[in-house]
Amino acid sequence: PRRLSVPTSESWPRYELITLAGLLSEGNTCHPTTLYFYNNDRALVDDFRAAIENFPDTVARVHTRRSGRHEVQANTGRDARFRARAESAGAVATKAAPVRSGAFRWAERLGVLGKKATEKFVPTPVFRLCDSDLELFLGRLWAGDGFIANETLKVPFYATSSSRFASDVQHI
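Below or above, wherever it landed, is the structure these notes cover. The residue numbers shown here count from 1 along each chain, following its written sequence. The predicted nature of this model means local features are confined to residues of pLDDT at least 70 and side-chain atom pairs, given and counted, to a pLDDT of 80 or more, with totals for whole chains, interfaces and linings taken over all residues. Just so you know, side-chain values use all the structure's heavy atoms and leave hydrogens and water out.

Let's talk about the overall build of the protein chain
Turning to step 1, where the next piece is worked out: Counting its regular elements, the protein chain contains 6 helices and 6 strands.
Turning to step 2, where the next piece is worked out: Scanning the protein chain from its N terminus toward the C terminus, one meets helices and strands in the order α-β-β-α-β-β-α-α-α-β-β-α.
Turning to step 3, where the next piece is worked out: In the protein chain, buried positions account for 37% of the 172 residues.
Turning to step 4, where the next piece is worked out: In this analysis, two residues are considered to be in contact whenever any of their non-hydrogen atoms come within 4.5 Å of each other. Excluding contacts between residues fewer than 6 apart, the proportion of contacts in the protein chain whose partners are at least 24 apart in sequence is 62%.
Turning to step 5, where the next piece is worked out: Shrake-Rupley sampling with a 1.4 Å probe provides the accessible areas, and residues are treated as covered by the protein chains on show and by no other component. Per element, the accessible surface of the protein chain, about 10300 Å² overall, is 51% carbon and sulfur. We count a stretch as a helix when DSSP gives it H or I for four or more residues in a row; a strand needs E for two or more, and each element gets its number in order from the N terminus. Classification of residues uses two cut-offs on accessible area relative to the type maximum, computed with a 1.4 Å probe and protein chains only: under 20% is buried, over 50% is exposed, and between them is partly exposed.

The following block contains the structure:
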């Protein structure tokens with residue numbers, strides 16, 4: 001069928017949908033403390049940065065490489081290595097900084113951390129979302145890895161190295 005109606009009212013905040021789509025399409029979740037997002041389009045980079053900063057204890061920094069490619073690094077914004085060294089040298093900590101950002105803990109709960117490109121998948125809760133949430137999620141995925149393969153035939157194409165992820169996107 002062209003349309004399969006699945007009645008649901010489950011919804012996520014907009015920033016979670018944008019963050020998840022960014023991490024799955026143009027992100028790197030394999031670093032032990034930091035989430036990364038890469039893109040050439042500054043508007044998409046700014047959109048991702050604004051979204052991920054809605055998570056508690058999460059600071060996003062944007063760097064532009066010489067090639068013009070933008071990189072967003074999102075973590076706590078604090079370097080816990082220095083605190084650990086100071087405490088081991090006898091300094092007294094005044095307030096413990098979070099070890100992981102809220103975005104990192106959220107991605108961990110969804111099971112998307114540590115996944116190489118060939119291992120990515122759409123987390124199960126996404127399949128229960130209402131249509132408007134799925135539209136935003138798929139739109140942001142498409143902005144990262146989708147394109148029109150042939151101008152004449154207008155064939156939509158989504159590029160991924162993960163057969164599971166391809167199947168998940170197809171299912172949605």
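Additional details are given in the paragraphs that follow.
Structural notes on the sheet that holds strand β2 (residues 35-39)
Turning to step 1, where the next piece is worked out: Strands were regarded as paired on the criterion that DSSP finds at least two bridges between them. Within the open sheet, the 4 strands sit side by side as β1-β2-β4-β3. Their pairing is antiparallel. Both edges of this open sheet fall to β1 (27-28) and β3 (59-64), since each of them pairs with a single strand only.
Turning to step 2, where the next piece is worked out: Sheet topology note: the β2/strand β4 (residues 70-75) ladder contains 5 bridges and is antiparallel. Following the sheet pairing, Phe-37 is matched in β4 by Val-72.
Turning to step 3, where the next piece is worked out: In this analysis, axes come from line fits to C-alpha atoms, helices being fitted only over the stretch in contact, and the angle between any two N-to-C directions falls in the range 0 to 180 degrees. Lying on the sheet, helix α1 (residues 14-26) is in contact with β1 and β2; it crosses β2 at an angle near 70°.

Regarding the packing of α1 against helix α2 (residues 42-52)
Turning to step 1, where the next piece is worked out: Contact pair α1 / α2: the axes reach a minimum separation of 8 Å and the direction vectors enclose 125°. Considering their axes alone, α1 and α2 lie oblique with respect to each other. Classified by chirality, the crossing of α2 by α1 is left-handed. Of α2, the residues touching α1 (which contributes Tyr-15, Ile-18, Thr-19, Gly-22 and Leu-23) are Asp-47, Phe-48, Ala-51 and Ile-52. Throughout, the term roughly parallel applies to angles under 35 degrees, roughly antiparallel to angles over 145, roughly perpendicular to angles from 65 to 115, and oblique to all others. The hand of a helix crossing depends on one turn: near helix anticlockwise from the far one by less than a right angle means left-handed, and clockwise means right-handed.

Quick word on the packing of α1 against helix α5 (residues 131-145)
Turning to step 1, where the next piece is worked out: Two numbers describe how α1 lies on α5: the axes approach to 8 Å, and their chain directions differ by 30°. If you check the angle between α1 and α5, you find them roughly parallel. As α1 packs across α5, the resulting crossing turns out to be right-handed. In contact with Arg-14, Leu-17, Ile-18, Leu-20, Ala-21, Leu-24, Ser-25 and Glu-26 of α1, α5 contributes Asp-133, Leu-136, Phe-137, Arg-140, Leu-141, Gly-144 and Asp-145.
Turning to step 2, where the next piece is worked out: Under the scheme applied, nonpolar residues are Ala, Val, Leu, Ile, Met, Phe, Trp, Tyr, Cys and Pro; charged residues are Asp, Glu, Lys and Arg; polar residues are all the others, including Gly. Of the residues contributing to the contact of α1 with α5, the split by class is 8 nonpolar, 2 polar and 5 charged.

Focus: the pairing of β2
Turning to step 1, where the next piece is worked out: With respect to burial, β2 is a largely interior element, 5 of its 5 residues being buried.
Turning to step 2, where the next piece is worked out: Neither face of β2 is exposed, since Leu-35, Phe-37 and Asn-39 on one face and Tyr-36 and Tyr-38 on the opposite face are all buried.

Quick look at the environment of Val-126
Turning to step 1, where the next piece is worked out: Mapped onto the secondary structure, Val-126 falls in the loop between α4 (102-110) and α5.
Turning to step 2, where the next piece is worked out: Given the relative accessible area of 0%, Val-126 is considered buried.
Turning to step 3, where the next piece is worked out: Between the C-alpha atom of Val-126 and that of Phe-137, which follows or precedes it by 11 residues, the distance is 8.9 Å.
Turning to step 4, where the next piece is worked out: Among residues more than four places away in sequence, those in contact with Val-126 are Trp-12, Leu-20, Leu-134, Phe-137 and Ile-172.

Some thoughts on the pairing of β3
Turning to step 1, where the next piece is worked out: Judged from the 6 bridges that link them, β3 and β4 form a sheet pairing that is antiparallel. Looking at β4, one finds that Val-62 is bridged to Val-72.

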